[in-house]
Number of protein chains: 2
Amino acid sequence: MTASSPEAGALEALIEALKRLPGVGQKSAQRMAYHLLQHDRDGARLMAEALRAAAEGIGHCERCHTFSESALCPVCADPERDARQLCVVETPADQAALERTNSYRGYYFVLLGRVSPLDGVGVQQIGAAELLARASEGGVEEVILASSFTAEGEATAHVLAEALRSRGIRATRLARGVPVGSELEYVDLGTIAHALVDRR
Amino acid sequence: MTASSPEAGALEALIEALKRLPGVGQKSAQRMAYHLLQHDRDGARLMAEALRAAAEGIGHCERCHTFSESALCPVCADPERDARQLCVVETPADQAALERTNSYRGYYFVLLGRVSPLDGVGVQQIGAAELLARASEGGVEEVILASSFTAEGEATAHVLAEALRSRGIRATRLARGVPVGSELEYVDLGTIAHALVDRR
Ligand SMILES: [Zn+2]
Ligand SMILES: [Zn+2]
């Protein structure tokens, strides 16, 4: 117990743990911890169990790499989807955002991030070889590149498009309806839906 | 799996659980869940354990009622504090904020909220009888009323001050340096420290 932190033991540990959440600093974490202890202990127990279950039970779909509790995610396990289209996204969150638009019926491929030359992340580090193999499977007629419209996302799309086209695979990009500089995950669904229709 | 929520099972459950945190809506909860799963699974496990430990292990100090893992909180268990002063606050978070100013050396008494006539919460429901008994113990020379400077907090201070004075106990109030309409927990520490010195 110090002057700047009167919380001891379990309370202090809880505040520190809550600071691992994105966008949560010391003040917010304190507020959350006190709220749970004072008004919602059931919520604290429920959250503990949900975090444990998610950390242990959620892996990656062996086909598209999005988060999944089973070997194949619900999309990949659905034979009704359009096998002619393969949509490439940067993250599972982006895949979920696209799925929420309800305007895409093909399959997905989730990259392991995006190319970032400054950080030494090249096209091989994000799973390009695996994508090329997947895109070369019989039936795929178009690969829709839906990486973010940031500099790194654009670079990723550019490199992947070149590689795909050199193998004779048609590569398209979401239309520029998506505001430049934004992360796909946070774009409103209508904008994503339009960009999907207007893909070039 | 529905069109509006492609997350299934454990991921959906985690998002729902995170929405129990104050100030966290659907979008923030999604962002937190994806962040933990993609970048910080250790953080998720640590948070699960911290939440469980806090919900099970943190009770209330039997003397001042603030959060405590032992029968007596560190402040109440400290014989070096000034037994002539007793500071009354609304919540454990308020007690922690005052303690953080490092400018108070007496003991505390944490109320069970504040009077709210419209909600049927009177002075007895917030533990007034217990406070009067505690304040009547030998050695207490001054009760500092540090309830919030909101309408309900002011009403609480007013009612308690009357009850204390009618029993011959000196009751003071934090000075009005604290911005009116604000919750003590969120006031900057310097303001609280000044208000403590200038109590009337
Ligand atoms: Zn899949
Ligand atoms: Zn205590």
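From a predicted model like this one, the values you see are computed outputs, not experimental measurements.

Visitor: What's the story with the UniProt feature "zinc finger region: C4-type" (unreviewed entry) in chain A in this structure? I'm lost.
Guide: Sites flagged by UniProt as "zinc finger region: C4-type" (unreviewed entry) map to residues 61–76 of chain A. Between the end C-alpha atoms of residues 61–76 of chain A the distance is 8 Å, and the span holds 0% helix and 12% strand.

Visitor: Help me understand the interface of chain A and chain B in this model?
Guide: A common measure of how large an interface is: the accessible area buried when the components associate. Residue-level contacts link 58 residues of chain A with 59 residues of chain B. Taking both sides of the interface into account, the surface hidden between chain A and chain B amounts to around 5400 Å²; carbon and sulfur atoms contribute 66%. It is Arg 20, Leu 51 and Arg 100 of chain A in chain A that bury the most area against chain B; as a group they hold 13% of the surface buried on that side. Applying the counting criterion to the chain A and chain B interface returns 4 salt bridges. Between Asp 40 of chain B and Arg 20 of chain A there is a salt bridge whose closest N-O contact spans 2.9 Å. Counting the contacts that link chain A with chain B gives 12 residue pairs in polar contact (both at pLDDT 80 or more). Looking at the side of chain A that touches chain B, the elements that each hand over two or more residues are helix H1 (9–18), helix H2 (26–39), helix H3 (41–57) and helix H4 (92–101) of chain A. Per-element tally for the side of chain A that touches chain B: the top contributor is H3 of chain A, with 15 residues. Across the side of chain A that touches chain B, the residue classes tally to 33 nonpolar, 11 polar and 14 charged.

Visitor: Would you mind going over the pattern of salt bridges with me for this structure?
Guide: Side-chain pairs of opposite charge can arise whenever the charged atoms involved come near each other. Tallying each qualifying case throughout the model produces 22 salt bridges over all chains. The salt bridge partner of Glu 49 of chain B is Arg 52 of chain B, with a shortest N-O separation of 2.9 Å. Taken together, the positions of Glu 49 of chain B and Arg 52 of chain B, both in helix H3 (residues 41–57) and 3 residues apart, correspond to about one turn of that helix. By relative accessible area, Arg 52 of chain B is classed as partly exposed at 40%. Within the structure, one salt-bridge network assembled from shared partners comprises Asp 42 and Arg 45 of chain A together with Glu 56 of chain B.

Visitor: Mind showing me how you'd approach the coordination of the zinc ion (ligand 1) here?
Guide: Six octahedral donors at a metal ideally form angles of 90 or 180 degrees, and four tetrahedral donors ideally form angles of 109.5 degrees. Residue and element names in this part refer to chain A. Summarising the metal site, the zinc ion (ligand 1) is bound by the protein donors Cys 61 (SG), Cys 64 (SG), Cys 73 (SG) and Cys 76 (SG), whose distances to it range over 2.3 Å. Along the chain, the residues that donate to the zinc ion (ligand 1) are spaced as C-x2-C-x8-C-x2-C. In this structure Cys 64 comes out as buried when scored by relative accessible area, which is 0%.

Visitor: Before we go on, may I ask you to explain the side chain of Asp 40 of chain B in this structure?
Guide: Note that Asp 40 of chain B resides in the loop between helix H2 (26–39) and H3. Those residues in contact with Asp 40 of chain B, other than ones at most four positions away along the chain, are Arg 20 of chain A together with His 35 of chain B.

Visitor: Teacher, can you tell me more about the packing of aromatic side chains here?
Guide: Each pair of aromatic rings is reported with the distance of its centres and the angle of its planes. Evaluation of the coordinates by the stated rule reveals 4 aromatic pairs over all chains. Ring centres of Phe 67 of chain A and Tyr 34 of chain B lie 5.8 Å apart, and the angle between their planes is 20°; this geometry places the pair in the stacked category. Of the two residues, Phe 67 of chain A is situated in strand S2 (residues 67–68) and Tyr 34 of chain B in helix H2; the pairing between them involves two chains. The two residues Phe 67 of chain A and Tyr 34 of chain B agree in class, both being buried. Here Arg 173 of chain B stacks its cationic end above the ring of Phe 149 of chain B, 4.1 Å away from the centre of that ring.

Thresholds applied
- Residues numbered from 1 in each chain as written.
- Chains lettered and ligands numbered in written order.
- Predicted model: local features only at pLDDT ≥ 70, side-chain atom pairs only at ≥ 80, totals over all residues.
- Heavy atoms only, no water.
- UniProt positions renumbered as here; feature names shortened; annotations may be inferred.
- Helix = DSSP H or I, 4+ residues; strand = E, 2+ residues; numbered from the N terminus.
- Contact = heavy atoms within 4.5 Å.
- Buried area = accessible area lost by both parts, 1.4 Å probe.
- Salt bridge = Lys/Arg side-chain N within 4 Å of Asp/Glu carboxyl O.
- Polar contact = N/O pair within 3.5 Å; in protein donor to acceptor, adjacent residues only side chain to side chain.
- Nonpolar A, V, L, I, M, F, W, Y, C, P; charged D, E, K, R; others polar.
- Buried < 20%, exposed > 50% of the residue type's maximum accessible area, 1.4 Å probe, protein only.
- Donors = N, O, S within 2.8 Å, 3.2 Å for Na, K, Ca; no water.
- Phe/Tyr/Trp six-rings, centres within 6.5 Å; stacked < 30°, edge-to-face > 60°.
- Lys NZ or Arg CZ within 6 Å of the ring centre and 35° of its normal.

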